[in-house]
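Observations on chain architecture
Chain by chain, the residues:
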Amino acid sequence: MSSPPSFSSLPNDIVVEILARVPKRSHPILSCVSKNFSRLVRSPEIHKIRSLLRKDSLFICFVGITGAQWFTLRRAENNNPTTEEKNRFVSIDLAFPSQTEQEPCVVAIGPEIFFICGSFNPSATMWILDSRTGTFRQGLSSRAERLCRSVGVVGSKVYVIGIYRDADEMHVESFDTKTQTWELAPVPEDQGWWWSSAPTVSLNRKVCALRVSGNARCYDPRDGSCESLGLATKDKWLWRTGACVMNNVLYVYYARFGLMWYDYEMRLWRVVGGLSHLKKVRSVAMAEYYGKLAVLWEDVEVGVSGETKEVWCRMIALERSERGVHGIAEASQLLGSVLRGYMLHHCLSVSD
């Protein structure tokens, strides 16, 4: 008696059509099913289908004296858009419910964006935005009020590194998005390092932050151990520099060096090849967008006065080989403009 046909026996083009409709947050689990699944969820074909389905988008935040201004970057509804229409940059009205918190720590998991209060004044409050509906709901408060220093995502958990009110040492709490509960996590062994807010990413199931002074440090929530990625630069613009992890490779942009990646096996930083012809820019934010690296930046023309500044974007395809990582850049796209007093703070990848 022959065995019933299995899912893996289907043609790859049909498998890709099915996998493209699975929420992106489940792709790491699919990658563990088989080598073929791991290859397919990273393939250009699945990103193309998700693009046609308009599954993914970017949420971009500029912060000024009067508050935050949010935009989305989405695929055009027209299935045959021109180059200028391919990605639509749209201002959105996000009425953040908290009246006392102006710059919360922000991370995204799937279609939800988590706003962790406590950047300047101790707080236990968390708000959650459903990007599909544009509505906020108040999440479960943390165990106690604390100052939020760094926030990162590992799997389905949001890790908040901070200090409790009237306490002298760091504490870490994790919010499990599946069980909707808070629990304590191991304290970082290097506590003094986490005393400044910085861009955070997830690498090798660790929370990694870029420090203002030009170093990168990773915290392992399993045992509290910390490691330095040995970034030797004193670039004063680091705090406005983008960082992104794609296929478990960390990419960081520097106006001085360009786009760099961290070779975890060699324990050294290397420049992404093929991009030396690109103009060096500042005030960069980065995120994964349909399998490519979306690099956004502000452009203020020196000597030209005005109330606004331009916002540009460039998509970069990244290919890794034995020789390193090579980038293929698309033409830059003018997205729109913002008031000069606003600075680029967040670029979050959200997906259905």
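For the structure, check the block above.
It should be emphasised that the depicted structure is a prediction, and the values quoted were computed from it without experimental measurement. (Residues numbered from 1 in each chain as written. Predicted model: local features only at pLDDT ≥ 70, side-chain atom pairs only at ≥ 80, totals over all residues. Heavy atoms only, no water.)

**Overview of the overall build of the protein chain**
Operational definition: Comment: elements are numbered from the N terminus, with helices defined as DSSP H or I runs of at least four residues and strands as E runs of at least two. Relative accessibility under 20% of the residue-type maximum defines a buried residue, over 50% an exposed one, and the middle range a partly exposed one, all with a 1.4 Å probe and only protein chains included. Should any heavy atoms of two residues lie within 4.5 Å, those residues are considered in contact. Calculation of accessible area relied on Shrake-Rupley with a 1.4 Å probe; when residues are assessed, cover is drawn exclusively from the protein chains displayed.
Looking only at helices and strands, the protein chain features four helices and 25 strands. Looking at the protein chain as a whole, 50% of its 352 residues are labelled buried. A fraction of 49% describes how many contacts in the protein chain between residues 6 or more apart in sequence connect residues 24 or more apart. For the protein chain, the computed accessible surface area is about 17700 Å², with 51% contributed by carbon and sulfur atoms.

**What to know about the sheet that holds strand E15 (residues 226-228)**
In a beta sheet, neighbouring strands pair by backbone hydrogen bonds and run either parallel or antiparallel. How we decide: The pairing criterion is simple: DSSP has to find at least two bridges between the two strands. In this analysis an axis means a line fitted to C-alpha atoms, helices contributing only their contacting stretch, and an angle means the value between N-to-C directions, from 0 to 180 degrees.
Spatial strand order, E12-E13-E14-E15: four strands in an open sheet with antiparallel pairing. Each edge of the open sheet carries a strand with a single partner, namely strand E12 (200-203) and E15. Ignoring which end each strand starts from, the neighbouring axes of this sheet average 25° apart. Two elements, E12 and strand E13 (residues 206-210), share four bridges in a ladder whose sense is antiparallel. The partner of Ser202 across the bridge, within E13, is Val207.

**Section: the sheet that holds strand E9 (residues 157-164)**
Strands sit in the order E8-E9-E10-E11 across an open sheet of four strands; the sheet is antiparallel. Since the sheet does not close on itself, it has two edges, and those belong to strand E8 (146-154) and strand E11 (181-185), each with one partner. For this sheet, the mean angle separating the axes of adjacent strands, direction not counted, is 30°. Relative to strand E10 (residues 170-176), E9 is paired through seven bridges, and the arrangement is antiparallel. The residue of E10 that forms the bridge with Val160 is Glu173.

**Quick look at the packing of aromatic side chains**
When we look at a pair of aromatic rings, we describe it by the centre distance and by the angle of the planes. To keep things clear, this is the line we draw: Centres within 6.5 Å make a pair out of two Phe, Tyr or Trp rings, where for Trp the six-membered ring is used; the pair is then stacked when the planes are under 30 degrees apart, edge-to-face when over 60, and tilted otherwise.
Overall, the coordinates contain 12 aromatic pairs when judged by the stated rule. One aromatic cluster is present, formed by Trp70, Phe96, Phe115 and Phe136 through successive ring pairs.

**Quick notes on the environment of Ala76**
Mapped onto the elements, Ala76 comes out in the loop between strand E2 (67-75) and strand E3 (87-92). Remark: the alpha-carbon pair of Ala76 and Asn87, spanning 11 residues in sequence, is separated by 5.7 Å.

**Topic: the pattern of salt bridges**
Using the following cut-off: Salt bridge, as applied in this entry: a Lys or Arg side-chain nitrogen positioned within 4 Å of an Asp or Glu carboxyl oxygen.
By the definition in use, this model includes 13 salt bridges. Glu227 is the partner of Arg267 in a salt bridge, and the nearest nitrogen-oxygen pair spans 2.8 Å. Here Glu227 lies in strand E15 and Arg267 lies in the loop between strand E18 (258-263) and strand E19 (268-271), a separation of 40 residues in the sequence. Measuring nitrogen to oxygen at the nearest pair gives 3.2 Å for the salt bridge that ties Arg270 to Asp263. On the basis of relative accessibility, which here comes to 26%, the residue Arg270 falls in the partly exposed class.

**A short note on the nonpolar core**
Nonpolar side chains tend toward joint burial in soluble globular proteins. Test applied: Among the buried residues, those of types Ala, Val, Leu, Ile, Met, Phe, Trp, Tyr and Cys that are joined through side-chain atoms within 4.5 Å form a nonpolar core.
One finds Leu58, Ile60, Phe62, Leu73, Phe89 and Leu296 to be the most contacted residues of the largest nonpolar core, which totals 20 residues. Contact partners of Ile60, with chain neighbours within four places excluded, come to Gln69, Trp70, Phe71, Leu73, Phe89, Leu296, Leu344, His346 and Cys347. Judged by nonpolar contacts, the second largest core, of 18 residues, contains Met246, Tyr253, Leu259 and Trp261.

**Observations concerning helix H4 (residues 44-53)**
Looking at H4, one finds that the buried residues are Ile46, His47, Ile49, Arg50 and Ser51. Arg54 occupies a position one or two residues after H4 and carries a positive phi of about 55°.

**What about helix H1 (residues 12-19)?**
Worth spelling out the cut-off: As used here, the arc is the angular range of directions from the helix axis to the C-beta atoms.
Taken together, the buried positions of H1 are Val15, Val16 and Leu19. The arc that holds the buried residues of H1, viewed along the axis, is 100°, so those residues lie on one side.

**Quick look at the state of the cysteines**
As a reminder of what qualifies: The disulfide criterion used throughout: a pair of cysteine sulfur atoms within 2.5 Å.
For the structure on display, the rule yields one disulfide. In this model, Cys208 is linked to Cys218 through a disulfide, with the two sulfur atoms separated by 2.0 Å. On the S-S bond that ties Cys208 to Cys218, the torsion sits near 105°, and the link is right-handed. Residue Cys208 is located in strand E13, and its partner Cys218 is located in strand E14 (residues 216-219); the two are separated by 10 residues in the primary sequence. Cys347 carries a free sulfur, and the closest cysteine sulfur to it, the one in Cys313, is 7.7 Å from it. Given the relative accessible area of 12%, Cys347 is considered buried.

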